[in-house]
Amino acid sequence: MASKYKFYSNLMSQPCRSLQIVMNLAKIPFETVTIALGDHAKDSFAKEVNSLCTIPCINDGGFKLAESIAILRYLATKSSLIIRWYPTGARMRARVDEYLEWHHLNIRAPCTGYFRKSWLEPRNTKQPPNQTTLDSLMSQVNRSLDFLENVWLAEGDFLIGSDVSVADIWAICEIEQLFLTPLDPTEGRPKLKAWMERVRRDTNPFYDEAHYTLWSVRDKSGQRSQL
């Protein structure tokens, strides 16, 4: 493994937070290069850092890689440090991967869509959101959160197995973003609320460190605290 990865990140990004938490938990050495939101879309970033123009991304001695899940799997292939959170057993890893594949369209997409329309775009444009669009997006988010409550958390304390895994970390970082919006993801979902408390407990101090920027923005915008 390289002595230190360059980690291009901005902690307002959910996948950036997820990856940072895991690398810190696993004690993988990295140097953070904070990228202002928007700068990752510039031609200079595409040429010098990541041709996909996305964050997070890493540079491992000249090998450049984007997409948080691809980076996770690359780090797991190179090092045994992540095994506790991304287990190597065929069935357990398959279950974690099953969640990670489900996550993209069922947690990340609706939560990000609702966050953008309800909080980010009104903040940038100074215009109220379209209520019909907002109601549709909120309905999608609630369906996904109900599925977490009633299916993924039906039998255990964590999404996969009896311990926190990368599945929990990728999920919670998306859900945490909702606390900037009018939607409280834990309302009427006691299992989800208790799960969030457990994941935060089991990944601290790195969870709180990764969310400091988000919580600062939340507090300045007058939204409620989380846990």
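To be clear, the structure that these remarks concern was listed above.
These numbers come from a predicted model, not from an experiment.

Which residues make up the overall build of the protein, and what are the values?
A tally of regular secondary structure across the protein gives 8 helices and 4 strands. Each helix and strand of the protein, ordered N terminal to C terminal, gives the series β-α-β-α-β-β-α-α-α-α-α-α. In terms of C-alpha radius of gyration, the protein reaches 17 Å, essentially the compact-globule figure of 17 Å for 227 residues. Across its three principal axes, the protein shows a C-alpha extent of roughly 50 × 45 × 30 Å. When the 227 residues of the protein are sorted by exposure, 50% land in the buried category. Here the contacts in the protein between residues at least 6 apart in sequence split such that 68% fall between residues at least 24 apart. Just so you have it, the protein exposes about 11,000 Å², and 51% of that area is on carbon and sulfur atoms. The averaged location of the 26 negative side-chain charges in the protein is 3 Å from the averaged location of its 28 positive side-chain charges.

Hey, could you go over the nonpolar core for me, with residue numbers and the actual values?
If you look at the biggest cluster of nonpolar residues, it comprises 57 residues, and the most contacted ones within it are Tyr99, Leu148, Leu159 and Trp195. The set of elements that each furnish at least two residues to this core consists of strand 1 (5-9), helix 1 (14-25), helix 3 (68-78), helix 4 (90-125), helix 5 (131-152), helix 6 (166-176), helix 7 (190-203) and helix 8 (206-220). When residues of this core are assigned to their parent elements, the largest contribution, 8 residues, is made by helix 6. With residues up to four places along the chain from it excluded, the contact list for Tyr99 reads Ile107, Leu148, Trp152, Leu159, Ile160, Ala167 and Ala171. If you look at the next biggest cluster of nonpolar residues, it comprises 8 residues, including Tyr8, Val49, Ile55 and Ala66.

Can you explain helix 1? Please cite residues and give values.
Over its 12 residues, helix 1 runs 17 Å from end to end, which matches the ideal 16 Å to within 8%, given 1.5 Å per residue. Counting buried residues in helix 1 gives 12 out of 12 residues, a clear majority hidden from the surface. All of the buried residues along helix 1 are Gln14, Pro15, Cys16, Arg17, Ser18, Leu19, Gln20, Ile21, Val22, Met23, Asn24 and Leu25. Positive phi shows up at Lys27, right after helix 1, with a value of about 60°.

Tell me what's going on with the packing of aromatic side chains, and back it up with residues and numbers.
Centre distance and the angle of the planes are the two values used to describe a pair of aromatic rings. Under the defined criterion, the tally for this structure stands at 9 aromatic pairs. Aromatic pair Phe115 and Trp119: ring centres 5.3 Å apart, planes at 20°, arrangement stacked. Placement of both Phe115 and Trp119 in helix 4 is noted, with a separation of 4 residues, approximately one turn of the helix. Assessed through its relative accessible area of 6%, Phe115 is described here as buried. The structure contains a cluster of three or more aromatic residues connected by ring pairs, namely Tyr99, Trp102, Phe147 and Trp152. Over the ring of Tyr86 we find Arg93; its NZ or CZ atom is 3.9 Å from the centre of that ring.

Before we move on, can you summarise the side chain of Thr181 with the specific residues and values?
Relative to the helices and strands, Thr181 resides in the loop between helix 6 and helix 7. In this structure the side chain of Thr181 is engaged in a polar contact, spanning 2.7 Å, whose partner is the backbone oxygen of Leu178. A polar contact is formed between the side chain of Thr181 and the backbone nitrogen of Leu183, at a distance of 3.1 Å.

Describe in detail the sheet that holds strand 2 (residues 30-34), supporting the description with residues and values.
Read from one edge of the open sheet, 4 strands run 2-1-3-4, paired in mixed fashion. Strands at the two margins of the open sheet, each flanked by one partner only, are strand 2 and strand 4 (63-66). Ignoring strand direction, the axes of neighbouring strands in this sheet form an average angle of 20°. Contacting strand 1 and strand 2, helix 1 crosses the sheet at an angle of about 150° to strand 1. Sitting on the sheet, helix 3 is in contact with strand 1, strand 3 (57-60) and strand 4, with an inclination near 135° to strand 4.

Cut-offs and rules
Residues numbered from 1 in each chain as written. Predicted model: local features only at pLDDT ≥ 70, side-chain atom pairs only at ≥ 80, totals over all residues. Heavy atoms only, no water. Helix = DSSP H or I, 4+ residues; strand = E, 2+ residues; numbered from the N terminus. Rg over C-alpha atoms; globule rule 2.2 N^0.38 Å. Buried < 20%, exposed > 50% of the residue type's maximum accessible area, 1.4 Å probe, protein only. Contact = heavy atoms within 4.5 Å. Areas by Shrake-Rupley, 256 points an atom, 1.4 Å probe, with all protein chains shown as cover. Lys, Arg positive; Asp, Glu negative; His and termini not counted. Charge placed at Lys NZ, Arg CZ, Asp CG, Glu CD. Core = buried A, V, L, I, M, F, W, Y, C linked by side-chain atoms within 4.5 Å. Expected span 1.5 Å × (residues − 1). Phe/Tyr/Trp six-rings, centres within 6.5 Å; stacked < 30°, edge-to-face > 60°. Lys NZ or Arg CZ within 6 Å of the ring centre and 35° of its normal. Polar contact = N/O pair within 3.5 Å; in protein donor to acceptor, adjacent residues only side chain to side chain. Pairing = 2+ DSSP bridges. Axes fitted to C-alpha atoms, helices over the stretch in contact; angles between N-to-C directions.

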